[in-house]
Every structure is written in structure tokens, then in C-alpha cells.
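Read off the chains here:
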Amino acid sequence: MKALHIRKSLLSCLMVFTVILSACSNGGSDKGATEGSGTSTSDGKTIVQLKGITMGNAPASGMDNFYKQLDELTIKDLGATIRFDFVPWGDEKNQISRAIAAKEYDVYVGGAWSDFASFATKNAFANLTPLLGDVPDLVEHYKGTLDTVKINGSLYGIPQYNKPGGGGEGLLFREDLRKAWGLPEITDLDTVEQYLYKAKEAYPDTPMINDKRFADNVWTLVAGSNYLDLVKGYVVATVDEPYKAISMYDTPEYKQVLERSKKWYEDGIVSHDILAAQGNATSETLELMKADKKPLEFNNHFGAVSSSYVGALKELHPDFEYGWFDYYFNNIPAYMPFMAPDNITMISIGAHSKHVETALKLIEKAHTDRTYYNLLQYGVEGENYKLDGEFVSYEGIKSENKKPGWTGLYDGYMNLQEKYPDEWQAINDKLQNEGAKKAEENGQSPLAGFGLATSNVAAELASMETVKSQYIVPLSVGITKDIDADLANVKKQLEGAGFDKFMAELQVQLDAFAASKKY
């Protein structure tokens, strides 16, 4: 827990994209994390004390008022209070893992980026299925979609709730420099590459890519229009045959990704220290962009860039013009959003918690009550954000006072539209409007509702993850002398990890799912 430093002070160690509610220490009822250290009201009723963890940095001001307003709500409605520890993005996977192992919290957040499913199958989180009758407003709000995030028949978290429209992963870049450099508009992988090389020329001391996950986005640009993800990072299906599992390492497009990565690594576009980078290097890139030492962010999500980058950058560099090239928008078939454990962020409650019901009722309030949602997502009006009519605005709010939302709480059906600075408003509106149209035209994904039950292949999955970290990641970032030989070794290592058994089990479940769709 040293990396979290969670005990230190509420304002020095708080976090953004996940909350873990925790009470205090060793036993109790109400199925919560800890017991015994509640306070009492004037009429003698005990106030449950919950702790949560969320991603990001605590705002410089407003937290005293935040907790004052939040306590007034939660004491009255739930007989509880909650305090959040903020953990900066960067090494979040390891930090969340340590927090879960320490059982210090009641409520945790996570997703594919934090091995959520792996922890769920190891009973780290409470099964919320038997308690859904206690939160009818939450169940109604999700309109039956909570079933899609169950793992082996159990619900281990409440997912963020996305509406159709909006961006995916993409490239944030200095549009004014693109124009000054005489480069074409960025529309595909080749024009992305032109920008990367020119940017490296202009900023020779800074690698343009410093995040190990960049190959995922190269895959999207090379192959995204041809395939659907079945098990991210391992298995895909073609758009035309969505129920036939294919190892992505057997596709011709994957070799093209490796060739591009190798070229970028050898040419210095990719940092030669990339394997030593944290799992999420976006915070480092933002600081470089703020100091005008780097003109782009290759590897982040549109929502994160909109909330954390644009305002801070425009505050420091009002004359800079920014552009956005969305990897997903024209390269991934657009379907109505569907939730699955490997594509969504979740708020979970620790299996050790002594206050599971109370924590779940807080999550219900957060998703269904406007006062709770605005406070937990945006902070204190006037200190952390402003309201401009029906829009959230950060005009006049210093970037360090902007409060990150409770990680995993984001709810498209509760969210207020944000008023963005200058050119970003048009970029946002286009993605929201045109993205929603595309999704509505295409309807549901053929894989909507499918989720791999992992109980029969848990050991194989664990071994595959070891292969990924030892062999696949170095190859994917371009560290190879012989792509064919190293790719053949990856396949051999996966075979030794039980990949064939994993694929067979996946295909059995896909066949059953496909058969169920016919009736």
C-alpha cells in the first residue's frame, strides 16, 4: 500500500474512474469491508463510515464543501458517510491490485485495464445479484442491461452507462502545426505516420509514443473494420462470421501491425524505454504537452482527453489549435453500446465489506438522483465547475480545481452536456451526433449479450497473461529482430499455456450463443 499512501491525507491521495467504499476494520453485519469505527448522531444512531477509491488527482479546492454537501445527503438517506482516496493515473493496475489484496476498502473500481474479471472470479468482490431487489430504481435505470456484465452468472459490479455516440480511442494533435507543416488532413494510418515523423523532427528530444498499448490502436487502424473483438488482445471474429473464433495472432493484419511497430521503434518514434513505462503513460504525456515539449497524445480515449487535456492545454496555450483523429469512428463497426466485463469500467464492492447493502444503495443514488450525480461527477458548483444554462462549463475554473468524476460512475443518461473551448465544441458535437446516427442505423452488435464464462479456463487465462507480458508486449511495441521467428515463438508459448483448450471452450460457448439467437 506504500504506492497508494492511502492513509496519509484525504487531499493528498484521492483518485478518478473507480471508487471502493470501505468501512473500517474487522467484522460486522450489513456485509461491508470493515466494522466498528462509525460515529453517532445526536439521537444515538450509528453512522456507517465508508471508504472509496477513485482515479485521478483531488482538486486543489472544494473538497471541504464537497464532503459537507455529500454528508448531508448520505447521512439523511443512508445513515452513512464516504471518503474517497484519489490515486493518480499511471500505475493504476498495480495500485488497485494492491488495494484489493489489502482489503482496506468497501468499494473498488476497475475494468479490463485493472484485471477486474480476474479478481471477480477469485471472489474479491461481493456478488450483488441477490441484493438487486433492494435497489429497484437502479435496476429500472439500467433497463435489463446489468445481465450483460455478469460473470459466470453473478454480478460483481455496477458498470458505467454509455449512450450511443461519442468518440473512442484516438490521436490528439496540434492542428495548427499540421497546417504549418503542410501535411494532409489526418484520415488514416499513413497520414498519422506522416504527422508522427514530422513531429519527431520538430521535437527531436521527445519520443512521440511512450505507452505500451499503442499497438492496440495500430491494430484498430489496420484491421478494425474487418473484425470484432471476442476476447480483447487474443481472439477476434470477422464481421461476416461473428460466431467463429480466430486467434488474432493468425491474422495477416497482425503481422502488418508488428511491421509498423518495428519500424516506429527503430526510427525513434516509439520510446526505447517503453517497456519500463507505467501501464498508463497518459499523465506523462499531458505534462509534456502542457510544457510544449510534445505536440500529440497517441493513446487516449476521447472522453478522457475532453475532460482532462483540452481545458488545461487551452488555459496554458490559448493560441494553439487542437485536432482529433478518432481511431474507432471510421474503423470499427458502430453498434448500439453494449456492456461486457472486458469493455466497461465497473464500481464493485469488496467481498470482505461489512456494508455491502449500504454501498450498493449509495451507487443507486449516484445513478438515479440528480443531486448525488452532479456532486459525485462534477463536484461543488462554483468551485469545481459552473452551470451555463443546461451545460457544464469550466470557464474561469482553474484546471487544478476541476474534480475528476467518481471513476466508473459516468452515466450517459445522467450526464450534463459540457461546454468546450473553441474548436473542441465542434469536434465533440460531430462525434456525438454522427456516432449516434451510425449506431442507430446498425443496431445491436451480433455479439451483444455474449460474455465468456471463464470458470473452465481460468488457469489457461492466467498462463496466457503471463505469455502476453513476457513475449507479446515486447514484440508488439517493436522490439524484435525477426518478426516471423518471434511471432512463431508467441504462438508456441500460447500453445504451452493452454490456448487450444481456451479456444475450444470459447467456440463451444459461441456456438451455444449463436444457436440461442435463432430462437
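The preceding data block contains the structure.
Residues numbered from 1 in each chain as written. Predicted model: local features only at pLDDT ≥ 70, side-chain atom pairs only at ≥ 80, totals over all residues. Heavy atoms only, no water.

**Some details on the sheet that holds strand β13 (residues 386-388)**
Next up, step 1: Sheet architecture is open: three strands sit in the order β13-β14-β15, paired in mixed fashion. What marks the edges here is a single partner per strand, and that holds for β13 and β15 (418-419). (Pairing = 2+ DSSP bridges. Helix = DSSP H or I, 4+ residues; strand = E, 2+ residues; numbered from the N terminus.)

**Looking at the packing of helix α14 (residues 458-476) against helix α15 (residues 483-496)**
Next up, step 1: Following both chains from N to C, one finds α14 and α15 inclined at 175°, their axes separated by 10 Å at the closest point. In terms of orientation, α14 lies roughly antiparallel with respect to α15. Residues Met464, Val467, Tyr471, Ile472 and Leu475 of α14 lie in contact with α15, whose contacting residues are Asp486, Leu487, Asn489, Val490, Gln493 and Leu494.
Next up, step 2: Split by residue class, the contact of α14 with α15 holds eight nonpolar, two polar and one charged. (Axes fitted to C-alpha atoms, helices over the stretch in contact; angles between N-to-C directions. Parallel < 35°, antiparallel > 145°, perpendicular 65-115°, else oblique. Contact = heavy atoms within 4.5 Å. Nonpolar A, V, L, I, M, F, W, Y, C, P; charged D, E, K, R; others polar.)

**Looking at the sheet that holds strand β11 (residues 322-326)**
Next up, step 1: The strand order across the open sheet formed by three strands is β10-β6-β11, and the pairing between neighbours is antiparallel. The open sheet is flanked by β10 (296-301) and β11, the only strands paired with a single partner. Within the sheet, the average angular offset between the axes of one strand and its neighbour, ignoring direction, is 25°.
Next up, step 2: Relative to β11, strand β6 (residues 169-174) runs antiparallel, the two sharing five bridges. For Gly170, the partnering residue across the bridge sits in β11 and is Asp326.
Next up, step 3: The sheet contacts of helix α10 (residues 302-316) involve β6, β10 and β11, and relative to β10 the element is tilted by about 140°.

**Some thoughts on the pairing of β6**
Next up, step 1: The buried count for β6 comes to five of six residues, which makes it a mostly enclosed element.
Next up, step 2: Pairing geometry for β6 and β10, over four bridges, is antiparallel. Pairing of Gly170 across the sheet is with Asn300, part of β10. (Buried < 20%, exposed > 50% of the residue type's maximum accessible area, 1.4 Å probe, protein only.)

**Regarding the packing of aromatic side chains**
Next up, step 1: One pass over the full model with this rule turns up 27 aromatic pairs.
Next up, step 2: Taking the centre distance of 6.2 Å and the plane angle of 20° together, the rings of Phe499 and Phe502 count as stacked. Remark: Phe502 and Phe499 occur in helix α16 (residues 499-517); sequence separation between them is three residues, near one turn of the helix.
Next up, step 3: Judged by its relative accessible area of 7%, Phe499 falls in the buried class.
Next up, step 4: Feature note: the residues Phe214, Trp264, Phe298, Phe325 and Tyr327 constitute an aromatic cluster, connected by ring pairs. (Phe/Tyr/Trp six-rings, centres within 6.5 Å; stacked < 30°, edge-to-face > 60°.)

**A closer look at the packing of helix α8 (residues 252-266) against α14**
Between two packed helices, the angle of one axis relative to the other and the distance separating the axes together describe the packing.
Next up, step 1: Contact geometry for α8 and α14: axes closest at 8 Å, N-to-C directions at 65°. The orientation of α8 relative to α14 falls into the category roughly perpendicular. Along the contact surface, α8 presents Tyr254, Leu258 and Ser261, while α14 presents Ile472, Leu475 and Ser476.
Next up, step 2: Residue classes in the contact of α8 with α14 are distributed as four nonpolar, two polar and no charged.

**What about helix α2 (residues 92-102)?**
Next up, step 1: By the burial criterion, the buried members of α2 are Glu92, Gln95, Ile96, Ser97, Ala99 and Ile100.
Next up, step 2: On its buried face, α2 is in contact with β2 (46-55), β3 (80-87), β4 (107-110) and α3 (116-121).
Next up, step 3: Just downstream of α2 lies Lys103, where phi reads positive at about 55°.

**Brief notes about the side chain of Thr220**
Next up, step 1: Examined against the element boundaries, Thr220 turns out to sit in helix α7 (residues 214-223).
Next up, step 2: Relative accessible area serves as the criterion here: at 6%, Thr220 is assigned to the buried category.
Next up, step 3: Apart from the residues within four sequence positions on either side, Thr220 is in contact with Tyr327, Tyr328, Asn331 and Ile332.

**Section: the pairing of strand β7 (residues 227-231)**
Within a regular strand, the side chains alternate between the two sheet faces.
Next up, step 1: Where burial is concerned, most of β7 is hidden: four out of the five residues are buried.
Next up, step 2: Inspection of the sheet shows β7 paired to strand β8 (residues 235-238) by four bridges, in the antiparallel sense. Bridge assignment links Val231 to a residue of β8, and that residue is Val235.

**Structural notes on the environment of Val235**
Next up, step 1: With respect to the secondary-structure elements, Val235 resides in strand β8.
Next up, step 2: On the accessibility criterion, Val235 (0% relative accessible area) is buried.
Next up, step 3: On a C-alpha basis, the gap between Val235 and Ala245 in space is 6.3 Å, while along the polypeptide they are 10 residues apart.
Next up, step 4: Among all residues touching Val235, those that are not within four sequence positions of it are Asp229, Leu230, Ala245, Ile246, Met248, Phe499, Phe502, Met503 and Leu506.

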